[in-house]
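Here are the chains, one letter per residue:
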Amino acid sequence: MQSSTLSRAFFDREVVSVAQGLIGTVLLVDGVGGVIVETEAYDRDDPASHSFVGPTARNAPMFGPPGHAYVYRSYGVHWCLNGVSRPGSAVLIRALEPTAGIDAMKLRRSVSDLRLLCSGPGRLCQALGVSAAHNGLALDRAPFRIEAGGTTDVAAGPRIGITRAAEVPWRFGLAGSPYLSRPLR
DNA sequence: CCTGTGATCGTCT
DNA sequence: GACGATCACAGGT
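Quick caveat, the model's predicted, so the values are computed rather than measured.

Enquirer: Requested: an account of the side chain of N59, with residues and values cited.
Expert: Turning to its location among the elements, N59 is positioned in the loop between β2 (32-42) and β3 (69-74). On the basis of relative accessible area, N59 is assigned to the buried category, the value being 0%. In this structure the side chain of N59 is engaged in a polar contact, spanning 2.7 Å, whose partner is the backbone nitrogen of T56.

Here it is, written out as structure tokens:
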């Protein structure tokens, strides 16, 4: 029996609900990945969001159809993966609990500690091999796969690494998971 | 455990 | 020309 995968309709909802709902699902890229344990929501009218300034070349996927990937480069070094929700909104995937393709992830990251494999948006993209080549691709077909999971233990807190709207509690995580990029009290 | 800092480059001013 | 939705490492507590 195959696990059900998330449909486009899942992403065509209010972005905060999507961010919360992604916690506990399984994200795979070419079969490599794990359980999503940390996300952040970014909205169209959100000063911290890349979409706040309106459509640009970089944020174009955020204004495209729901259920697609928005991948951007962070600090000139790292890649970060988002799932696009309604126009101008997206969910940043911040951390996974590694479960599939662990050897491949260790090789890509040159790290053996499971807790350091996918605990951060840049780290998980490196572990899963996500790059600009994935920008704009649909999340419900290869190489992506997101399997429905679900959890009831979602905690919230302020988002990380932003300066504007820093107090908005749109960071979500699996409470107590050792795979969070940072504790979520 | 915690804080500070350099790396590095695309994007927008 | 400035600034990041980050990471790794160094050093002090």
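Enquirer: I'd love a proper account of the protein's contact with DNA strand C, names of residues and values included.
Expert: If you check the shell around DNA strand C, you find 20 residues, and the closest are H50, Y72, N82, R109 and R123. Counting only the atoms of DNA strand C within 4 Å of the protein, the fraction contributed by sugar and phosphate is 54%. Interatomic distance of 2.7 Å between a side-chain N/O atom of N82 and a base nitrogen of DNA strand C. Counting only elements with at least two residues in the surface near DNA strand C, the list comes to β3, β4 (78-84), β5 (90-100) and α4 (121-128). Examining the composition of the surface near DNA strand C, we find that three residues originate from one element, α4, more than from any other. Taken together, the residues of the surface near DNA strand C break down into nine nonpolar, eight polar and three charged.

Enquirer: For the packing of aromatic side chains, give the residues involved together with the corresponding values.
Expert: If you walk through the whole model with that rule in mind, you get two aromatic pairs. Seen in terms of ring centroids, F10 and F11 are 5.3 Å apart; in terms of plane orientation they differ by 75°. Their pairing is edge-to-face. We note that F10, like F11, is buried. It is R13 that lies over the ring of F10; its NZ or CZ is 4.6 Å from the centre.

Here is what the cut-offs are and how they apply
Residues numbered from 1 in each chain as written. Chains lettered and ligands numbered in written order. Predicted model: local features only at pLDDT ≥ 70, side-chain atom pairs only at ≥ 80, totals over all residues. Heavy atoms only, no water. Helix = DSSP H or I, 4+ residues; strand = E, 2+ residues; numbered from the N terminus. Buried < 20%, exposed > 50% of the residue type's maximum accessible area, 1.4 Å probe, protein only. Polar contact = N/O pair within 3.5 Å; in protein donor to acceptor, adjacent residues only side chain to side chain. Near = heavy atom within 4 Å. Nonpolar A, V, L, I, M, F, W, Y, C, P; charged D, E, K, R; others polar. Phe/Tyr/Trp six-rings, centres within 6.5 Å; stacked < 30°, edge-to-face > 60°. Lys NZ or Arg CZ within 6 Å of the ring centre and 35° of its normal.

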